[in-house]
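Structural overview
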Amino acid sequence: MKLEGKVALITGSAQGIGRAIALRLAREGADIVVDDRADDSRAESTLAEVQALGRRGCVVSGDLGTVADDRRVVADAVAKMGRLDILVNNGGVEKNASFLEVTEQDYELVLNVNLRGAFFTSQAFAQHLQQTRRPGRIINISSVHEELPFPHFSPYCASKGGLKMLMRNLAIELAPLGITVNNVAPGAIATPINRPAWETPEALESLLKLIPYKRVGQAIDIGKAAVWLASDDSDYVNGQTLFVDGGMTLFPEFADGG
Ligand SMILES: NC(=O)c1ccc[n+]([C@@H]2O[C@H](COP(=O)([O-])OP(=O)(O)OC[C@H]3O[C@@H](n4cnc5c(N)ncnc54)[C@H](O)[C@@H]3O)[C@@H](O)[C@H]2O)c1
């Protein structure tokens, strides 16, 4: 097992990609802090699956878009588990609207959850590692849209592009503390966030045209990549984006992912 003795906090891990990452890290021996919005019973079911794998764990909750919650979530995780070694910034949202129609409310929601949440959760996590003089790992789940344009999802692209530069900056600033920072950029992964893109045969057919490998990704594909970036196998990898997209990013034209 590659992660025995480590404690990992995964934001947005009640369902989808975050849940798959939590379970895959647990399978490799990590103890798991499941984090999602308040009063989410799905978080308890992720935790039950972690425990069924023989790992310890707990649930914490908060609104990722609120800085006070981001700091409290890290503090609660440390209080419950004793310490943290790995942070996966996964929780995210998207809103579909043409640029001319994006509301201030939707802009703020997407930027606050996807970018500000990762920013201040990472800050609290890095402060914890600095105070306890221990190394660690930060893994951001960004998107192929940290690179590829995605018309009608401008706030989402701005948040994921921002996450790319945040990751590169932190990789330099936190390296002296023994903390590496990397992104995983999923392509089209079948989860509730992008259900319209894959749930009908017609939608699936047009989606597959954009994926050279000719299959839609599964959450477990991202879980496996996260294990690698969290483990000693990737110890010398810092400041990079790992695209897990079946080759979607290689298409120069518009790609429809999530
Ligand atoms: N599914 C894809 O194809 C795809 C592609 C590229 C990137 N991603 C990214 O992967 C990450 C996970 O996406 P997913 O597909 O599993 O989506 P999902 O909607 O299934 O899961 C997202 C999770 O984040 C949580 N969340 C949302 N807002 C929150 C908030 N304010 N506070 C706390 N938790 C909050 C949700 O409750 C949910 O459990 C996101 O950052 C997304 O942008 C997904």
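Here the structure is shown first, and the text comes after it.
Throughout what follows, the structure given in this document is the object of discussion.

Cut-offs applied
Residues numbered from 1 in each chain as written. Predicted model: local features only at pLDDT ≥ 70, side-chain atom pairs only at ≥ 80, totals over all residues. Heavy atoms only, no water. Core = buried A, V, L, I, M, F, W, Y, C linked by side-chain atoms within 4.5 Å. Buried < 20%, exposed > 50% of the residue type's maximum accessible area, 1.4 Å probe, protein only. Helix = DSSP H or I, 4+ residues; strand = E, 2+ residues; numbered from the N terminus. Near = heavy atom within 4 Å. Polar contact = N/O pair within 3.5 Å; in protein donor to acceptor, adjacent residues only side chain to side chain. Areas by Shrake-Rupley, 256 points an atom, 1.4 Å probe, with all protein chains shown as cover. Nonpolar A, V, L, I, M, F, W, Y, C, P; charged D, E, K, R; others polar. Pairing = 2+ DSSP bridges. Axes fitted to C-alpha atoms, helices over the stretch in contact; angles between N-to-C directions. 1 Å grid on protein atoms, 1.4 Å probe; cavity = no way out; pocket = protein on both sides within 12 Å on 5 of 7 lines; lining within 4 Å. Points joined across faces, edges and corners; volume = space filled by probe spheres on them. Salt bridge = Lys/Arg side-chain N within 4 Å of Asp/Glu carboxyl O.

If you look at the biggest cluster of nonpolar residues, it comprises 32 residues, and the most contacted ones within it are I21, L25 and I32. Among the elements of the structure, β1 (7-11), α1 (16-27), β2 (31-36), α2 (41-52), β4 (86-89), β5 (136-141) and α7 (219-230) are those that each provide at least two residues to this core.

The next point concerns the site of the ligand. Neighbouring residues of the ligand: 29 residues in total, closest Q15, D36, N90, Y156 and T191. Interatomic distance of 2.8 Å between a side-chain N/O atom of D63 and a nitrogen atom of the ligand. In isolation the ligand offers 820 Å² of accessible surface; the protein chains occlude 97% of this area. Sorting the residues of the shell around the ligand by element identifies α1 and α5 (154-174) as the ones contributing at least two each. When the residues that make up the shell around the ligand are grouped by side-chain class, the tally is eleven nonpolar, 13 polar and five charged.

What follows covers the sheet that holds strand β6 (residues 179-186). One open sheet holds the seven strands; their spatial order is β3-β2-β1-β4-β5-β6-β7, and the pairing between them is parallel. Edge strands, defined here as strands with exactly one partner in the open sheet, are β3 (57-61) and β7 (241-244). Geometrically, the sheet is characterised by an average inter-axis angle of 20° between neighbouring strands, direction not taken into account. When β5 meets β6, the two strands line up parallel, connected through six bridges.

Considered as a void within the structure, the largest pocket measures approximately 640 Å³ in volume. Mapped onto the lining of the largest pocket, the elements with two or more residues apiece are α1, β2, α4 (104-132) and α5. Looking at side-chain class alone, the lining of the largest pocket contains eleven nonpolar, 16 polar and six charged residues. Reported here for the second largest pocket is a volume of approximately 260 Å³. In terms of lining residues, the second largest pocket is bounded by F119, S122, Q123, A126, Q127, Q130, L166, N169, L170, E173, L174 and L177. Ranked by residues supplied to the lining of the second largest pocket, first place goes to α4 with six residues. Per-class residue counts for the lining of the second largest pocket are six nonpolar, five polar and one charged.

Attention shifts here to empty space enclosed by the protein. Throughout the structure, instances matching the rule amount to three cavities of 30 Å³ or more. By volume, the largest cavity is sized at about 70 Å³. Of the residues forming the lining of the largest cavity, the biggest block, four residues, is contributed by α4. Along the lines of polarity and charge, the residues of the lining of the largest cavity split into five nonpolar, six polar and one charged. Size it by volume and the second largest cavity reaches roughly 40 Å³. Along its surface, the second largest cavity is lined by T11, D35, G62, D63, L64, D70, V73 and T121. For the lining of the second largest cavity, the per-class residue count stands at two nonpolar, three polar and three charged.

Applying the stated criterion to the full structure yields 13 salt bridges. Note that R83 is salt-bridged to D85, the shortest N-O span being 3.2 Å. Among the residues examined, R83 registers a relative accessible area of 28% and is labelled partly exposed. For D85, a relative accessible area of 7% gives the class buried. Residues D221 and R215 are paired through a salt bridge, measuring 2.9 Å at the closest nitrogen-oxygen approach. Judged by relative accessible area, which is 37%, R215 ranks as partly exposed. Residues joined in a network through salt bridges with shared partners are D31, R55 and R56.

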